[in-house]
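The primary structure of each chain is shown beneath.
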Amino acid sequence: LTSKIRAAVEALEEGLVQRGTEARILFLAAVCAEHVLMLGPPGTAKSALARRLVRLGGPSALFFERLLTRFSVPEEIFGPLSLRELEQDKYVRQTAG
């Protein structure tokens, strides 16, 4: 098992300069079924790492990517606020549907 994990992380890192930490974090998040939000300037291998991880996951692996700009709002990622819940002083995002 250890050798398979090491091989998977090495496949993520292959050809990328100084992205070992990011590759290990992405792999760990995938194993733990957690979400990852990668922020950084263009050209720092964020999308490349995500796409490689999906390929390692096989044909049933799913992910989405979203390009954020200075004009991006939280609703683009986390979903809109529920107005019905807001009327009851609850801060709830609509994530279904």
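What counts and what doesn't
- Residues numbered from 1 in each chain as written.
- Predicted model: local features only at pLDDT ≥ 70, side-chain atom pairs only at ≥ 80, totals over all residues.
- Heavy atoms only, no water.
- Helix = DSSP H or I, 4+ residues; strand = E, 2+ residues; numbered from the N terminus.
- Rg over C-alpha atoms; globule rule 2.2 N^0.38 Å.
- Buried < 20%, exposed > 50% of the residue type's maximum accessible area, 1.4 Å probe, protein only.
- Contact = heavy atoms within 4.5 Å.
- Areas by Shrake-Rupley, 256 points an atom, 1.4 Å probe, with all protein chains shown as cover.
- Expected span 1.5 Å × (residues − 1).
- Arc of directions from axis to C-beta.
- Polar contact = N/O pair within 3.5 Å; in protein donor to acceptor, adjacent residues only side chain to side chain.
- pLDDT = per-residue confidence, 0-100.
- Salt bridge = Lys/Arg side-chain N within 4 Å of Asp/Glu carboxyl O.

Trainee: Explain the overall build of the protein chain here, please?
Mentor: A tally of helices and strands in the protein chain yields 5 helices and 0 strands. Beginning at the N terminus, the succession of helices and strands in the protein chain can be written as α-α-α-α-α. A compact globule built from 97 residues should have a C-alpha radius of gyration of about 13 Å, whereas the protein chain, at 17 Å, is more than 25% larger. Reported as C-alpha extents along the three principal axes, the dimensions of the protein chain are approximately 55 × 30 × 20 Å. Here the protein chain holds 97 residues, and 15% of them are scored as buried. Sequence-distant contacts in the protein chain: of pairs separated by 6 or more residues, those separated by 24 or more amount to 32%. Accessible area of the protein chain: about 8,000 Å², with a carbon and sulfur share of 58%.

Trainee: Would you explain helix H1 (residues 2–13) in this entry?
Mentor: In an α-helix there are 3.6 residues to a turn, and that puts residues three or four apart on one side. Compared with the 16 Å implied by 1.5 Å per residue over 12 residues, the 17 Å span of H1 between its first and last C-alpha is a close match. Buried residues of H1: Ala8, Val9 and Leu12, and no others. Down the axis of H1, the sector holding all buried residues measures 95°, keeping them to one side. Away from its buried face by more than 90 degrees, H1 exposes Ser3 and Arg6. Its buried side turned inward, H1 meets helix H2 (20–31) and helix H3 (46–57). Directly beyond the C-terminal end of H1, a positive phi value near 80° is found at glycine 15.

Trainee: Could you clarify how one ought to interpret the environment of threonine 44 in this entry?
Mentor: As for its position among the elements, threonine 44 is in the loop between H2 and H3. It is 9.7 Å that separates the C-alpha atoms of threonine 44 and glutamine 18, two residues lying 26 residues apart in sequence. A distance of 3.2 Å separates a polar atom in the side chain of threonine 44 from a polar atom in the side chain of lysine 46.

Trainee: Is there a simple way to think about the confidence of the model for the protein chain in this case?
Mentor: Note: predicted coordinates in regions of low pLDDT should not be interpreted at a detailed level. Overall, the predicted model of the protein chain reaches an average pLDDT of 88, with 99% of residues at or above 70. Element-level mean pLDDT values for the protein chain span from 85 in helix H4 (residues 75–78) up to 92 in H2.

Trainee: Mind showing me how you'd approach the environment of serine 3 here?
Mentor: Structurally, serine 3 can be placed in helix H1. A relative accessible area of 52% means that serine 3 is categorised as exposed. Residues serine 3 and leucine 62 lie 59 residues apart in sequence; the distance between their C-alpha atoms is 25 Å.

Trainee: How should I be thinking about H2 in this particular structure?
Mentor: Under the 1.5 Å per step criterion, the end-to-end length of H2 is 17 Å for 12 residues, consistent within 8% with the ideal 16 Å. All of the buried residues along H2 are Gly20, Ala23, Leu26, Phe27 and Ala29. Tucked inside the fold, the buried residues of H2 contact H1 and H3. Once H2 finishes, alanine 33 follows within two positions and takes phi at roughly 55°, a positive value.

Trainee: Any chance you could explain the pattern of salt bridges here in plain terms?
Mentor: Oppositely charged side chains can pair when the atoms bearing their charge come close. In total, this model carries 5 salt bridges according to the counting rule given. The partner of arginine 19 in a salt bridge is glutamate 22, and the shortest N-O contact between them spans 3.4 Å.

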